[in-house]
Amino acid sequence: MNVVVIGDRAVGKTSMVVALAKSGTKHVQVVNDPDGLVARRFNVEEDRIAGTAQMLPETLLINVDLPSGERQIQLLWIDTPGEAFSNREWQKDNATAWQDIKQQISQSTGVILLLPPNGDRVNPNRLDGRIDVDELPSNQAWVNRFKYWLDFFKDNCANAQHLLICIHKADTFCDIQQEGNKWKYKNSKESPFFEYNKYVRRTYFTSADKIIQEYNSRPYATALQFFITSTDNPHLLELPWIYLASHHHN
Ligand SMILES: Nc1nc2c(ncn2[C@@H]2O[C@H](COP(=O)(O)OP(=O)(O)O)[C@@H](O)[C@H]2O)c(=O)[nH]1
Ligand SMILES: [Mg+2]
């Protein structure tokens, strides 16, 4: 199964994968060359900051440990330039690269979309310097962007079987310790994902509810799965990968 991680600049795409590569979690590990990956990625990130980064597709093999055995997921790492998703000008000026990116995404079986926290839902007491609340979208901007992404799914992800939406940096808006302990994957035969998705949608995606309902009312709409993730909590961080591994059969 091919999976991509997408999302706007600075939403945490690199951090999420680097966290898996560095130490992994109880059930999820990067198996091909984790040390090399981390080193290479940090270099690419520096380049990106210098404004010279190119798209360097790279495949990572991610191993997921399930009660039924181990499963592998191929993560196609499209390290998009910062502006790729958010800047129309960039998309115009780099039409070929943008087409390539969309092409790669359209060929993926699974898509993991990372969203920023909703600025109006962030708890200022939880911020620790990594995030400046002024840089987070207001509720209205967050909802508009959410709509953009669902349209993006309709236009570019028609072949995807799994669409996962994560509000990342969950440490800024909830008690990740508590949520992590509540929802951590327990290796039981019973899948926790139905309850988890319902809970996350109801609790953290309320301002997008209307847009989600509209999306779901389309015929043949691929179901959306909802997550909250943070690099600070391995239990939450591994759930999207466990979901993919346990719901894909080939
Ligand atoms: N608070 C918090 N900050 C995070 C988390 N993940 C990433 N960040 C920070 O978000 C910023 C952007 O992360 P990066 O991985 O470069 O984003 P990318 O542009 O999507 O690849 C960095 O300063 C990270 O330290 C998280 O789970 N929680
Ligand atoms: Mg990045």
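Keep in mind the model is a prediction, meaning the values are calculated, not measured.

Considering the pattern of salt bridges
Evaluated as defined, the whole model comprises 9 salt bridges. A salt bridge links Asp-151 to Lys-154, with the shortest nitrogen-to-oxygen separation between them at 3.2 Å. Here the residue Asp-151 and the residue Lys-154 both occupy positions in helix α5 (residues 139-156), the gap between them amounting to 3 residues, near one helical turn. Exposure remark for Lys-154: the relative accessible area of 34% places this residue in the partly exposed category. Between Arg-201 and Asp-209 there is a salt bridge, and its shortest N-O distance comes to 3.0 Å. When its relative accessible area of 23% is taken as the criterion, Arg-201 is described as partly exposed. Overall, the relative accessible area of 27% leaves Asp-209 in the partly exposed class. Via salt bridges that share partners, Asp-128, Arg-130, Asp-171 and Asp-232 belong to a single interconnected network.

Quick word on the site of ligand 1
Near ligand 1 you find 17 residues, and of these Ala-10, Lys-13, Thr-14, Ser-15 and Asp-171 are the closest. In this structure, Val-11 approaches ligand 1 through a main-chain N or O atom, which is 3.3 Å from an oxygen atom. Between ligand 1 and Lys-13, the relevant distance is 2.8 Å, taken from an oxygen atom to a main-chain nitrogen or oxygen of the residue. Protein coverage of the free-state accessible area of ligand 1, which is 580 Å², stands at 83%. Mapped onto the shell around ligand 1, the elements with two or more residues apiece are α1 (13-22) and α2 (34-50). Ranked by residues supplied to the shell around ligand 1, first place goes to α1 with 3 residues. Of the residues that constitute the shell around ligand 1, the class distribution is 3 nonpolar, 6 polar and 8 charged.

Side note on the environment of Phe-227
Take Phe-227: it is sitting in strand β7 (residues 224-228). In sequence terms Phe-227 and Tyr-148 are 79 residues apart; their C-alpha atoms lie 18 Å from each other.

Comments concerning the sheet that holds strand β6 (residues 162-167)
Within the open sheet, the 7 strands sit side by side as β2-β3-β4-β1-β5-β6-β7. Their pairing is mixed. Bordering the open sheet on either side are β2 (28-30) and β7, each of which pairs with just one other strand. The average angle at which neighbouring strand axes cross in this sheet is 25°, direction not considered. Of the pairings in the sheet, the one linking β6 to β7 comprises 5 bridges and is parallel in character. Residue pairing across strands places Cys-166 opposite Phe-227, the latter belonging to β7. Sitting on the sheet, α1 touches β1 (2-6), β2, β3 (58-66), β4 (69-77) and β5 (110-115), and the angle it makes with β4 is about 145°. Strands in contact with helix α7 (residues 193-204) are β6 and β7; relative to β7, the strand with the most contacts, it is inclined by about 75°.

Some details on the confidence of the model for the chain
Residues of the chain with pLDDT of at least 70 account for 91%, and the chain-wide mean is 89. pLDDT under 50 marks residues 49-53. Its contacts with residues more than four places away, or in other chains, come to 4 contacts.

Focus on α1
Counting buried residues along α1, 8 of its 10 residues qualify, which places the element largely inside the surrounding structure. For α1, every residue scored as buried is listed here: Lys-13, Thr-14, Met-16, Val-17, Val-18, Ala-19, Leu-20 and Ala-21. Positive backbone phi, at 70°, marks Gly-24, one or two positions downstream of α1.

Criteria and thresholds
Residues numbered from 1 in each chain as written. Chains lettered and ligands numbered in written order. Predicted model: local features only at pLDDT ≥ 70, side-chain atom pairs only at ≥ 80, totals over all residues. Heavy atoms only, no water. Salt bridge = Lys/Arg side-chain N within 4 Å of Asp/Glu carboxyl O. Helix = DSSP H or I, 4+ residues; strand = E, 2+ residues; numbered from the N terminus. Buried < 20%, exposed > 50% of the residue type's maximum accessible area, 1.4 Å probe, protein only. Near = heavy atom within 4 Å. Polar contact = N/O pair within 3.5 Å; in protein donor to acceptor, adjacent residues only side chain to side chain. Areas by Shrake-Rupley, 256 points an atom, 1.4 Å probe, with all protein chains shown as cover. Nonpolar A, V, L, I, M, F, W, Y, C, P; charged D, E, K, R; others polar. Pairing = 2+ DSSP bridges. Axes fitted to C-alpha atoms, helices over the stretch in contact; angles between N-to-C directions. Contact = heavy atoms within 4.5 Å. pLDDT = per-residue confidence, 0-100.

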